[in-house]
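Tertiary structure, described
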Amino acid sequence: MTDILFQPYQLNSAISLQNRVLMAPLTRCMADEDLVPTEEMAAYYARRADTGLIISEATIIRPDAQGYPNTPGLFTNEQVTGWRKVTDAVHQKGGKIFAQLWHTGRVAHPFFFSGEEVIAPSAEAVEGTVPRMRELTYITPTPATVAQIEELIHDYAQAAANAIEAGFDGVEIHGANGYLIDQFLHFDSNKRVDQYGETPENMSRFALEVVDAIADQIGYHRTALRLSPGAYFNMQPDSRDKEVFDYLLPELEKRDLAFLHIGIFDDQMTFEHLGGRASDYVRSRYNKTLVGVGGFTPQTGAEAIQSDRFDLLAIGRPLIANPDYIERVKNHQPLVEYSEEMLSSLV
Ligand code: FNR
Ligand code: 8K6
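Residues numbered from 1 in each chain as written. Chains lettered and ligands numbered in written order. Predicted model: local features only at pLDDT ≥ 70, side-chain atom pairs only at ≥ 80, totals over all residues. Heavy atoms only, no water.

As annotated in an unreviewed UniProt entry, the protein chain carries the name Alkene reductase and comes from Pseudoalteromonas obscura.

See the structure below:
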């Protein structure tokens, strides 16, 4: 029944995966005070090295990208050295690992980097406070100048080069879930009237420039992207958003990315403007390797691959609850149910 999950999969001529189950990126807020990955993190990832590919927790590209406590970075030598321990541990057990590159944009908070402002496409604030640090209220972001946008693109590319130096097999650009890149892609957060706003082509420009700058450094075959065409997290939907993704997806298909990944918590969610599920919408406009995610069991995930809804399955919460997920599913053993208390320790 679930056999299809355990078939090897060739991402491209350079990267082959031992099976079709990916570890979804999962923020754990366990890096040290300098945002350096720890030995415990290396052991945590190594325990999951029998998945086809691990995608690391979202990892910030520079100090002002930070929106949550103790999220790891990839912009200092110490961080690169810390990640090297993680990638070595995963490789020693025969696994593969991509780094997820992150800038939170308007969901960043100056508290974390002792700054004055946060930058985003437009001066559109998110309402509310930082999760688990309720005393930190989100501030109104400063619209990035074109020169600042160029710097951001440069810093994404540098972080990708640092990821390769740290031993990662590739990177996944975090373009999902209401963070910086996604903020350019939705009308709720992008009110610009320059070459980065107003039209689908302009609103897609930043995402594509980041993709291309990273690929220049490390190659398209090691570059992947996560997208949320349906706004659902720190973002209000707008029916015009579909036109942006209608433009962006064929543009991405022209590039030989390692894969495209849906960013969502529950794949059953439907979006009126997309005509249904985000994954089905993307599948209809993008014909290369697609990763599905969000509320899947081994059975429903295998069925989805079998019926060609996507090619690879990412698993998040069940992999927090079951470090030995792959073995359990292969041996038809029951899975431990995830609960939020599990987030307080790295097992
Ligand atoms: C997430 N998710 C997430 N997504 C992402 O792109 N980068 C990240 O760092 C995180 N961090 C994160 C932390 C925690 C605690 C959860 C529960 C989720 C979303 C995650 O990758 C995935 O899309 C969802 O968890 C849905 O998949 P599951 O858990 O239903 O298999
Ligand atoms: C990516 C960084 C964040 C920190 C962790 C977040 C984890 C939270 C898990 C729960 C779910 C949230 C759901 C949001 C979507 C709502 C859909 C209607």
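1. A word on the side chain of threonine 38
Topologically, threonine 38 is positioned in the loop between β3 (21–23) and α1 (39–46). By relative accessible area, threonine 38 is classed as buried at 19%. (Helix = DSSP H or I, 4+ residues; strand = E, 2+ residues; numbered from the N terminus. Buried < 20%, exposed > 50% of the residue type's maximum accessible area, 1.4 Å probe, protein only.)

2. As for the nonpolar core
By size, the foremost hydrophobic cluster in this structure holds 119 residues, and its most contacted members are Leu101, Phe206 and Leu252. It is helix α6 (residues 200–218) that contributes the most residues to this core, 9 residues altogether. The residues touching leucine 252, leaving out its near neighbours within four places in the chain, are Leu208, Val211, Leu225, Leu227, Leu257, Leu260 and Tyr286. (Core = buried A, V, L, I, M, F, W, Y, C linked by side-chain atoms within 4.5 Å. Contact = heavy atoms within 4.5 Å.)

3. Re the site of ligand 1
With respect to spatial proximity, 19 residues lie near ligand 1, and among them Pro25, Thr27, Arg226, Gly295 and Arg317 are the closest. Take proline 25: an N or O atom from its main chain is 2.8 Å from an oxygen atom of ligand 1. In the environment of ligand 1, an oxygen atom lies 2.7 Å from a nitrogen or oxygen atom belonging to the backbone of glycine 295. Across the complex, the protein chains shield 92% of the 610 Å² of accessible surface that ligand 1 would expose by itself. Its residues assigned to classes, the shell around ligand 1 shows 10 nonpolar, 7 polar and 2 charged. (Near = heavy atom within 4 Å. Polar contact = N/O pair within 3.5 Å; in protein donor to acceptor, adjacent residues only side chain to side chain. Areas by Shrake-Rupley, 256 points an atom, 1.4 Å probe, with all protein chains shown as cover. Nonpolar A, V, L, I, M, F, W, Y, C, P; charged D, E, K, R; others polar.)

4. Remarks on the packing of aromatic side chains
To describe a pair of aromatic rings, you give the distance between the ring centres and the angle between the ring planes. For the structure shown, the criterion picks out 16 aromatic pairs. Measuring from centroid to centroid gives 6.2 Å for tyrosine 232 and phenylalanine 233, while their planes differ by 35°, and the two rings are tilted. By relative accessible area, which is 30% here, phenylalanine 233 ends up partly exposed. Counting every residue linked through ring pairs, the aromatic cluster contains Tyr68, Trp102, Tyr179, Tyr232, Phe233 and Phe265. Above the plane of the ring of phenylalanine 187 lies arginine 240, whose end atom (NZ or CZ) is 4.0 Å from the centre. (Phe/Tyr/Trp six-rings, centres within 6.5 Å; stacked < 30°, edge-to-face > 60°. Lys NZ or Arg CZ within 6 Å of the ring centre and 35° of its normal.)

5. Examining helix α7 (residues 241–253)
Compared with an ideal rise of 1.5 Å per residue, which puts 13 residues at 18 Å, α7 spans 19 Å between its outermost C-alpha atoms and is within 8% of the ideal. For α7, the complete set of buried residues consists of Asp241, Val244, Phe245, Leu248, Leu249, Glu251 and Leu252. The buried residues of α7 occupy an angular sector of 165° when the element is viewed end-on, so they sit on one face. (Expected span 1.5 Å × (residues − 1). Arc of directions from axis to C-beta.)

6. Some details on the site of ligand 2
In the vicinity of ligand 2, the contacting residues are Thr27, Tyr68, Tyr179, Tyr232, Phe233 and Phe265. Considering ligand 2 on its own, with 540 Å² of exposed area, one finds that the protein chains cover 61% of that surface. By residue class, the composition of the shell around ligand 2 is 5 nonpolar, 1 polar and no charged.

7. Re the packing of α1 against helix α2 (residues 77–92)
Packing of α1 against α2 leaves a shortest axis separation of 8 Å and a crossing angle of 25°. The pairing of α1 with α2 is recorded here as roughly parallel in orientation. Of the two elements, α1 crosses α2, and the hand of that crossing is right-handed. In contact with Glu39, Met41, Ala42, Tyr45 and Ala46 of α1, α2 contributes Trp83, Lys85, Val86, Ala89 and Val90. (Axes fitted to C-alpha atoms, helices over the stretch in contact; angles between N-to-C directions. Parallel < 35°, antiparallel > 145°, perpendicular 65-115°, else oblique. Left-handed = near helix turned anticlockwise from the far one by under 90°.)

8. Considering the pattern of salt bridges
A side chain of one charge can pair with a side chain of the opposite charge when the charged atoms of the two come close. Per the stated rule, a full pass over the model turns up 19 salt bridges. Across the pair arginine 255 and aspartate 212 runs a salt bridge whose closest N-O atoms are separated by 2.8 Å. Note that arginine 255 is positioned in the loop between α7 and β12 (260–262) and aspartate 212 in helix α6, a separation of 43 residues in sequence. Overall, the relative accessible area of 23% leaves aspartate 212 in the partly exposed class. The salt bridge involving glutamate 251 is made with lysine 254; its shortest N-O contact spans 2.6 Å. Owing to a relative accessible area of 15%, glutamate 251 belongs among the buried residues under this scheme. (Salt bridge = Lys/Arg side-chain N within 4 Å of Asp/Glu carboxyl O.)

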